[in-house]
Amino acid sequence: MDDVAPERVPAELAEHPDRLRWNAKYAGAEAGGDARPPSAHPLAERALSLELPDGPVLDLACGPSGSALQAAATGRPVTAVDISEIALARLGEQARRRGLASLITLVQADLAAWRPDGPGYALVLCTGFWDRAVFGRAALAVLPGGLLAWEAFTEEARRDRPHLPAAWCLGAGEPASLLPGGFTVLEQADDAGKRRFLARAGS
């Protein structure tokens, strides 16, 4: 596992507003005593319960990520990408405690600039983040027969959260309408302003 620490933050991320925002959120949670071990996202649990080809897992905008931990617990290598070194450090600590450190690679990056290896992943997972370009690259990183699992806000969420930027929300028909050819949508459901989505790449 790669070490993640403030002194090793890439220069281009030092003043990145997303890094500062998420670091503040995670630091605030720690200061408030919220140090509970992270749990896997239900979408990750669902995806990992289905048939997958051999290959690693990619967890985008992972946060402390119980999902990455659960995927690693199945024996799969996991690449976990986030802009917050605090979130990644917390994930790394949990991985060491569970004896999973050798299976998890931590990557601090801005997803707008980062590029996955691909197609090279049996499962690409992202929950709580939306960017059309990132989604397109993620889809191309899925191995034949692999899964793409995504959850993001819909436009409905902006009714209760008017400060939520429209660019962070799925448009009508998304993300299914953005899939490259060969994918089959397995599941899609909307709940409480979020859309949960699961698709399989063609073999």
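This one's a predicted model, so the numbers in the text were calculated from it and none came from an experiment.

Draft legend 1. Local environment of the pattern of salt bridges. According to the stated counting rule, one finds 8 salt bridges in the structure shown. Salt-bridge contacts for R46 lead to E187; the nearest nitrogen and oxygen are separated by 2.6 Å. Remark: E187 occurs in strand β7 (residues 184-191) and R46 occurs in helix α2 (residues 42-49); sequence separation between them is 141 residues. Judged by relative accessible area, which is 30%, E187 ranks as partly exposed. Across the pair R196 and E151 runs a salt bridge, and its minimum N-O distance is 3.0 Å. Placement of R196 in strand β8 (residues 194-200) and of E151 in strand β5 (residues 142-154) is noted, with a sequence separation of 45 residues between them.

Draft legend 2. The arrangement of unusual backbone geometry in detail. Residues E174 and P175 are joined by a peptide bond in cis, for which omega reads 5°. Residue position: P175 is located in the loop between β6 (169-170) and β7. Even without a glycine there, the phi angle at A61 is positive, about 50°. On the secondary structure map, A61 appears in the loop between β1 (57-60) and α3 (66-73).

Draft legend 3. View of the side chain of R195. Secondary-structure assignment places R195 in strand β8. Using a relative accessible area of 12% as the deciding quantity, one classes R195 as buried. Of note is the side chain of R195, whose polar atom sits 2.6 Å from the backbone oxygen of E174. Setting aside anything within four residues of it in sequence, one finds R195 in contact with W150, E151, A152, T154, L170, G171, G173, E174, P175, Q188, A189 and D190.

Draft legend 4. Region of the structure containing the pairing of β1. The alternating pattern of β1 places V57 and D59 on one face and L58 and L60 on the opposite face, and all of these are buried. One crossover worth recording links β1 to the parallel strand β2 (residues 78-82) by way of α3, and it is right-handed. Pairing geometry for β1 and strand β4 (residues 121-127), over 4 bridges, is parallel. Following the sheet pairing, L60 is matched in β4 by C126.

Thresholds applied
- Residues numbered from 1 in each chain as written.
- Predicted model: local features only at pLDDT ≥ 70, side-chain atom pairs only at ≥ 80, totals over all residues.
- Heavy atoms only, no water.
- Salt bridge = Lys/Arg side-chain N within 4 Å of Asp/Glu carboxyl O.
- Helix = DSSP H or I, 4+ residues; strand = E, 2+ residues; numbered from the N terminus.
- Buried < 20%, exposed > 50% of the residue type's maximum accessible area, 1.4 Å probe, protein only.
- Polar contact = N/O pair within 3.5 Å; in protein donor to acceptor, adjacent residues only side chain to side chain.
- Contact = heavy atoms within 4.5 Å.
- Right-handed = clockwise from strand over helix to strand, strands pointing away.
- Pairing = 2+ DSSP bridges.

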